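Observations on the three-dimensional arrangement
In case you want the letters, here they are:
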Amino acid sequence: MAMAAALRREGKRLAPLMSSQPPINTTLRSSLISPLDQSSIGGARSISTQIVRNRMKSVKNIQKITKAMKMVAASKLRAVQTRAENSRGLWQPFTALLGDATSVDVKKNVVITVSSDKGLCGGINSTSVKISRALSKLNSGPDKETKYVILGEKAKAQLIRDTKKDIALGLTEIQKNPLNYTQVSVLADDILKNVEYDALRIVFNRFQSVVQFLPTVSTILSPEIVEREAEAGGSLGELDSYEIEGGDTKSEILQNLTEFQFSCVMFNAVLENACSEQGARMSAMDSSSRNAGDMLDRLTLTYNRTRQASITTELIEIISGASALTG
Amino acid sequence: MASSGAVPFWRAAGMTYITYSNICANLVRNCLKEPHKTEALSREKVHFALAKWSDGKPEKATIRSDTPDI
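Below: a short report on this structure. Remember, predicted model here, so these are calculated numbers, not experimental data.

**Topic: the nonpolar core**
- Of all hydrophobic cores here, the largest spans 47 residues; its most connected members are I112(A), V149(A), L151(A), I202(A), F262(A) and M266(A).
- Considering every element that reaches this core, the biggest residue donor is helix α8 (residues 250-326) of chain A, with 11 residues.
- Excluding residues that lie within four positions of it along the chain, L151(A) makes contacts with I112(A), T113(A), V114(A), S115(A), L171(A), I174(A), L187(A), M266(A) and V270(A).
- Core analysis: the second largest hydrophobic core is formed by 11 residues, L135(A), L159(A), I167(A) and W53(B) among them.

**Looking at empty space enclosed by the protein**
Residues and elements named next belong to chain A.
- Summed over the entire model, instances satisfying the criterion amount to four cavities of 30 Å³ or more.
- Of the voids in this model, the largest cavity is the one considered here, and its volume is about 100 Å³.
- Taken together, V114, S115, S116, D117, L151, G152, I174, Q175, V270, N273, A274 and E277 make up the full set of residues lining the largest cavity.
- In terms of residues, the lining of the largest cavity owes the most to one element, α8, which gives four residues.

**A word on the interface of chain A and chain B**
- Across the contact, 36 residues belong to chain A and 33 residues belong to chain B.
- If you look at where chain A meets chain B, you find one salt bridge.
- With its nearest N and O atoms 3.2 Å apart, the salt bridge here joins E259(A) to R11(B).
- Our enumeration of links across chain A and chain B arrives at 11 residue pairs in polar contact (both at pLDDT 80 or more).
- Put simply, the parts of the chain that give the side of chain A that touches chain B at least two residues each are β3 (167-172), α6 (181-194) and α8 of chain A.
- The greatest single-element share of the side of chain A that touches chain B, amounting to 12 residues, is contributed by α6(A).
- Partitioning the side of chain A that touches chain B into residue classes produces 12 nonpolar, 13 polar and 11 charged.
- In this sheet, strand β1 (residues 46-52) of chain B lies alongside β3(A) in antiparallel orientation, the contact comprising four bridges. Paired with L171(A) across the strands is L50(B), a residue of β1(B).

**A few points about the side chain of T306(A)**
Residue and element names in this part refer to chain A.
- By the element assignment, T306 lies in helix α8.
- Residue classification places T306 among the buried residues on the basis of a relative accessible area of 13%.
- In this structure, T306 is in contact with I47 and T49, ignoring residues within four places of it in sequence.

**Details of the pattern of salt bridges**
Residues and elements named next belong to chain A.
- This structure, assessed with the given rule, holds 11 salt bridges over all chains.
- For K193, the salt bridge goes to D189, with nearest N and O atoms at 3.1 Å. In this pair, K193 and D189 both sit in helix α6, four residues apart, roughly one turn of the helix.
- Classification of K193 as partly exposed rests on a relative accessible area of 45%.
- A single salt-bridge network, built from bridges that share partners, covers K70, D286 and R290.

**Points about the packing of helix α3 (residues 49-98) of chain A against α8(A)**
All names here are of chain A.
- At their nearest, the axes of α3 and α8 sit 5 Å apart, and the two run at 160 degrees to each other. The pairing of α3 with α8 is recorded here as roughly antiparallel in orientation. Of the two elements, α3 crosses α8, and the hand of that crossing is left-handed.
- When grouped by side-chain class, the residues that make up the contact of α3 with α8 number 30 nonpolar, 14 polar and 12 charged.

**Quick word on the packing of aromatic side chains**
- For the coordinates displayed, the defined rule picks out eight aromatic pairs over all chains.
- Taking the centre distance of 5.9 Å and the plane angle of 70 degrees together, the rings of F94(A) and F260(A) count as edge-to-face. Of the two residues, F94(A) is situated in helix α3 and F260(A) in helix α8; the sequence distance between them amounts to 166 residues.
- Aromatic pair W10(B) and Y20(B): ring centres 4.5 Å apart, planes at 10 degrees, arrangement stacked. In this pair, W10(B) sits in helix α1 (residues 9-12) while Y20(B) sits in helix α2 (residues 17-30), placing the two residues 10 residues apart along the sequence.
- Accessibility expressed as a relative area gives 5% for W10(B), which makes it buried.

**Let's talk about unusual backbone geometry**
Residue and element names in this part refer to chain A.
- Within the chain, L120 stands out as a residue other than glycine whose phi angle is a positive 60 degrees.
- Residue position: L120 is located in the loop between β1 (108-114) and α4 (124-138).
- Of note, E173 is a non-glycine position whose phi angle comes to about 60 degrees, a positive value.
- Relative to the helices and strands, E173 resides in the loop between β3 and α6.

**A few points about α3(A)**
Residue and element names in this part refer to chain A.
- Across its 50 residues, α3 extends 69 Å between first and last C-alpha, which sits within 8% of the 74 Å expected from 1.5 Å per residue.
- Maximum bend of α3: about 30 degrees, positioned at W91, with proline P93 one to four residues after it.
- Put simply, S48 is the residue that caps the front of α3, since its side-chain oxygen is 3.2 Å from the backbone nitrogen of Q50.
- One or two positions beyond α3, positive phi appears at G99, with a value near 75 degrees.

The rules behind each value
- Residues numbered from 1 in each chain as written.
- Chains lettered and ligands numbered in written order.
- Predicted model: local features only at pLDDT ≥ 70, side-chain atom pairs only at ≥ 80, totals over all residues.
- Heavy atoms only, no water.
- Core = buried A, V, L, I, M, F, W, Y, C linked by side-chain atoms within 4.5 Å.
- Buried < 20%, exposed > 50% of the residue type's maximum accessible area, 1.4 Å probe, protein only.
- Helix = DSSP H or I, 4+ residues; strand = E, 2+ residues; numbered from the N terminus.
- Contact = heavy atoms within 4.5 Å.
- 1 Å grid on protein atoms, 1.4 Å probe; cavity = no way out; pocket = protein on both sides within 12 Å on 5 of 7 lines; lining within 4 Å.
- Points joined across faces, edges and corners; volume = space filled by probe spheres on them.
- Salt bridge = Lys/Arg side-chain N within 4 Å of Asp/Glu carboxyl O.
- Polar contact = N/O pair within 3.5 Å; in protein donor to acceptor, adjacent residues only side chain to side chain.
- Nonpolar A, V, L, I, M, F, W, Y, C, P; charged D, E, K, R; others polar.
- Pairing = 2+ DSSP bridges.
- Axes fitted to C-alpha atoms, helices over the stretch in contact; angles between N-to-C directions.
- Parallel < 35°, antiparallel > 145°, perpendicular 65-115°, else oblique.
- Left-handed = near helix turned anticlockwise from the far one by under 90°.
- Phe/Tyr/Trp six-rings, centres within 6.5 Å; stacked < 30°, edge-to-face > 60°.
- Expected span 1.5 Å × (residues − 1).
- Bend = angle between axes of the 7 residues up to and from the residue.

Spelled out as structure tokens, the structure:
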């Protein structure tokens, strides 16, 4: 590109010279000015048609690719959506029993950020990261600490920049097999074994509709904190009114319950986030194809204008040449 | 509240409730008859990569198993 521009500049400087010596004109001109570049002798600059044609071809290819990606995302969305909606029933009884205590004040917070491995999905990963950072800031104070557990590559890339030392675990390649409860529960088990926590806060995007995703935080308290809150009264204080069957004590039941609650909520979170990822990718690819279409229209206009200008120039040259011969 | 008598055997062995319920679910799935059995077992595949962090990125353990028991 730079060379073509340089050649064009040379052409402009030599143009008055050449116009005063018509016989040498054509040979000199063809060797000095690049064959692709057609600037008229008067020095007006116009972009060459070949360059515009190349651009149009590449923009059209991009449009095809983004349209195909949108179709793929739409079909994947349909597959995951029913499962995500069905999995909502798993954690609703837990919320009815134990409440969703977002405002509980605890010392050790663990923020679990659910994000995608692949990109091109709009802004959902950035919103999750933003909320995770806000949560850790909310929970900062004397002898309170926040650690991160990151699911997915995209959040890892963003959080590694300024909160590297607060990351406890990173988990990737989750979507290699279709998502199932067993995988998520193994994941949840690993998190429970590796991280000490008083409260787990899972940050994900809940799927409302194909164009709307709501960033959500689900809180799960550790059994000790649940007992503490139950004694303090409030929504958890009613736990004692439940009868306990079998040989387990209340603390054992609470421990089993919180582990299972964590696993269920994680399952729902991962499914909803996968739905939101496909939906966001659909709308991102859709707007990208539309932009590519607009760009193609503008380029077509430029191409036609350039083509007509060069035809007009040729006609003028022919006619003036002819009239010079006859007249 | 410390060690109230009978802790269930699986918790004494170091398993969490989640692991216990997964093993039970695996046993139930293995009781199915053939066409449903393979399709149920395909719903159990686990694959992910876990990396523990300490100020940088140390070991990368890939846990991939066809049966999800740890």
